[in-house]
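Residue-level structure breakdown
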Amino acid sequence: MKSNFRKRLLQGDRLTGTIVSLPCPPIAELLSRSGFDWLFIDGEHGPLSVGDIQLLLQAAQPQCPCVVRVAANHEVYIKQALDTGADGIIAPLVNDAETAGRVVAWARYPPLGKRSVGIARAQGYGFAFADYVNHANTDVAVIIQVEHIDAVANIASILDVTGIDGVFIGPYDLSASMGKPGDINDAAVRHQIETVRQACLERRIALGIFGMDAAAVQPFIKQGYTLTAVGMDTLLVGQSARFILSELKP
């Protein structure tokens, strides 16, 4: 697998993507040809199995890089996502430095980490084994998700962990952890988001966030966010259908 996604992430390129949550390869293929810089494959909240994820990657790559949000911070989930050929992983609910360190270790081959060496799609089913193993630590992106008030409190020590390529803020879960589920524009929630932003900018770590639409993410882009996920497959289909009907029905 060769991908410039991690390189672009590290050099601060603006990368605009969308979330894929449905186990439908044609939709992933369509979105991959729509001009997005990356696709956020949601293995946490979407109804996706490992097999579903691999089919989505086969449909979308190589025309569009795909980063998989794993179901949980567990070695098996990270190993399986990367062995399907993902260009990177997003680890959810990283609330402390210890968890961040484990995520990095599970995503990197020795000597940089503890990733298990296997043969699967990522390694060309064995035909590109040596090439993949030699380049995976350079090519695969490791992104952690900050989505809990505890993570904000520990953000400095989390970002001190070597090997984190980017931080993706989960505003909805963050607001829920503060007792304000869904109220992402609340002043206290926005203050916590700003705390993470400042910490990442100081360390020059790529920063990402989700927004329901372009208007929601534009302010964050102006603030230095370079990795955005805008909308998702279900919303894009549903909103388009409703728009058509609103134009035709009185």
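Residues numbered from 1 in each chain as written. Predicted model: local features only at pLDDT ≥ 70, side-chain atom pairs only at ≥ 80, totals over all residues. Heavy atoms only, no water.

**Re helix 4 (residues 75–83)**
Quick note on the threshold: Categorising residues by exposure relies on relative accessible area from a 1.4 Å probe, with only protein chains included: less than 20% of the type maximum marks a residue as buried, more than 50% marks it as exposed, and the intermediate range marks it as partly exposed. Labels follow the DSSP assignment, with helices taken as runs of H or I lasting at least four residues and strands as runs of E lasting at least two, numbered in each case from the N terminus. By the convention used here, residues are in contact when the closest approach between their heavy atoms is within 4.5 Å.
Among the residues of helix 4, I78, A81, L82 and D83 are the ones counted as buried. If you follow the buried residues of helix 4, they end up packed against strand 3 (66–69), strand 4 (88–91), helix 5 (97–107) and helix 6 (129–139). Immediately downstream of helix 4, the backbone of G85 shows phi near 110°, a positive value.

**Some details on the environment of Q192**
Structurally, Q192 is set in helix 10 (residues 187–203). Taking the relative accessible area as the measure of exposure, Q192 reaches 18% and is therefore buried. For the pair Q192 and A59, spaced 133 residues apart in the sequence, the C-alpha separation amounts to 37 Å. Every residue in contact with Q192, bar those within four places of it in the chain, is listed here: I149, V152, L174 and M178.

**Considerations on the pattern of salt bridges**
Basically, it comes down to this: What makes a salt bridge here is a side-chain nitrogen of Lys or Arg within 4 Å of a carboxyl oxygen of Asp or Glu, nothing more.
Taken as a whole and assessed by the stated rule, the structure comprises 12 salt bridges. For R6, the salt bridge goes to D165, with nearest N and O atoms at 2.9 Å. A residue pair is termed long-range when its members are at least 10 positions apart, and R6 in helix 1 (residues 5–10) and D165 in the loop between helix 8 (155–159) and strand 6 (166–169) qualify at 159 residues. The exposure class assigned to R6 is buried, which follows from its relative accessible area of 16%. Overall, the relative accessible area of 4% leaves D165 in the buried class. A salt bridge links E194 to R197, with the shortest nitrogen-to-oxygen separation between them at 2.8 Å.

**Overview of the sheet that holds strand 3**
Here is the rule: Note: two strands are recorded as paired if DSSP finds a minimum of 2 bridges between them. Every angle, taken between N-to-C directions, lies between 0 and 180 degrees, and every axis is a line fitted to C-alpha atoms, over only the stretch in contact when it is a helix.
Reading around the circumference, 1-2-3-4-5-6-7-8 is the order of the 8 strands in this closed barrel, with parallel pairing throughout. Strand-to-strand twist across the sheet, computed as the mean angle between neighbouring axes with direction ignored, equals 25°. As judged from the 4 bridges shared by strand 7 (residues 206–211) and strand 8 (residues 227–232), these two strands associate in the parallel manner. Bridge pairing in strand 8 links G208 to L227.

**Side note on a nonpolar patch on the surface**
The line we're drawing: By definition, no residue in a patch forms a salt bridge, and every one has over 30% relative accessible area; like charges are joined within 9 Å, nonpolar side chains (Val, Leu, Ile, Met, Phe, Trp, Tyr) within 5 Å. To measure how exposed things are, a 1.4 Å probe is used in the Shrake-Rupley method; for residues, cover is taken only from the protein chains shown.
Together, F243, I244 and L248 give the surface a local cluster of nonpolar side chains, amounting to about 360 Å² of exposed area. If you trace the backbone, I244 turns up in helix 12 (residues 233–248).

**Brief notes about helix 11 (residues 214–222)**
Definition in use: As used here, the arc belongs to the directions running from the helix axis to the C-beta atoms.
Within helix 11, burial applies to V217, F220 and I221. Looking straight down helix 11, one finds its buried side chains confined to an arc of 105°; they lie on one side. Turned more than 90 degrees from where helix 11 packs its buried face, A215 and K222 sit exposed. As for helix 11, its buried residues are in contact with helix 10, strand 7 and strand 8.

**Considerations on the nonpolar core**
Within soluble globular proteins, side chains that are nonpolar tend to cluster in buried spots. We count it as follows: Take the buried residues of types Ala, Val, Leu, Ile, Met, Phe, Trp, Tyr and Cys, join any two whose side-chain atoms come within 4.5 Å, and each joined set is a nonpolar core.
Core analysis: the biggest nonpolar cluster contains 55 residues, and L39, I41, I78, I89, I164, V167 and V196 have the highest contact counts within it. Residue contacts for L39: discarding those within four places in its chain leaves T18, V20, A28, L31, S32, A60, C64, P65, C66 and V67. Of all hydrophobic cores here, the second largest spans 15 residues; its members include L9, V67, F168 and L227.

**A word on the pairing of strand 3**
Which entries qualify depends on this criterion: A crossover counts as right-handed when, viewed with the strands pointing away from the observer, the path leading from the first strand over the helix to the second turns clockwise.
Of the two faces of strand 3, the one holding C66 and V68 and the one holding V67 and R69 are both buried throughout. In this structure, strand 2 (residues 38–42) lies alongside strand 3, joined through 4 bridges in parallel fashion. Paired with L39 across the bridge in strand 3 is C66. Considered for its hand, the β-α-β crossover made up of strand 2, helix 3 (residues 50–60) and strand 3 is right-handed. The pairing of strand 3 with strand 4 spans 3 bridges and is classified as parallel. From the neighbouring strand, R69 faces strand 4, where its bridge partner is I90. As a crossover connection, the stretch from strand 3 through helix 4 into strand 4 is right-handed.

**Points about the packing of aromatic side chains**
Note the threshold: We call Phe, Tyr and Trp rings a pair once their centres come within 6.5 Å, taking the six-membered ring for Trp, and we label the pair stacked below 30 degrees between planes, edge-to-face above 60, and tilted otherwise.
For the structure on display, the rule yields 7 aromatic pairs. Measuring from ring centre to ring centre gives 5.9 Å for W38 and F40, while their planes differ by 45°; the resulting arrangement is tilted. Across the pair, F40 and W38 agree in class, each one buried. Ring plane angle 90° and centroid distance 6.3 Å describe the contact between Y109 and Y132, whose orientation is recorded as edge-to-face. One end of the pair, Y109, is in the loop between helix 5 and helix 6; the other, Y132, is in helix 6, and 23 residues separate them in sequence.

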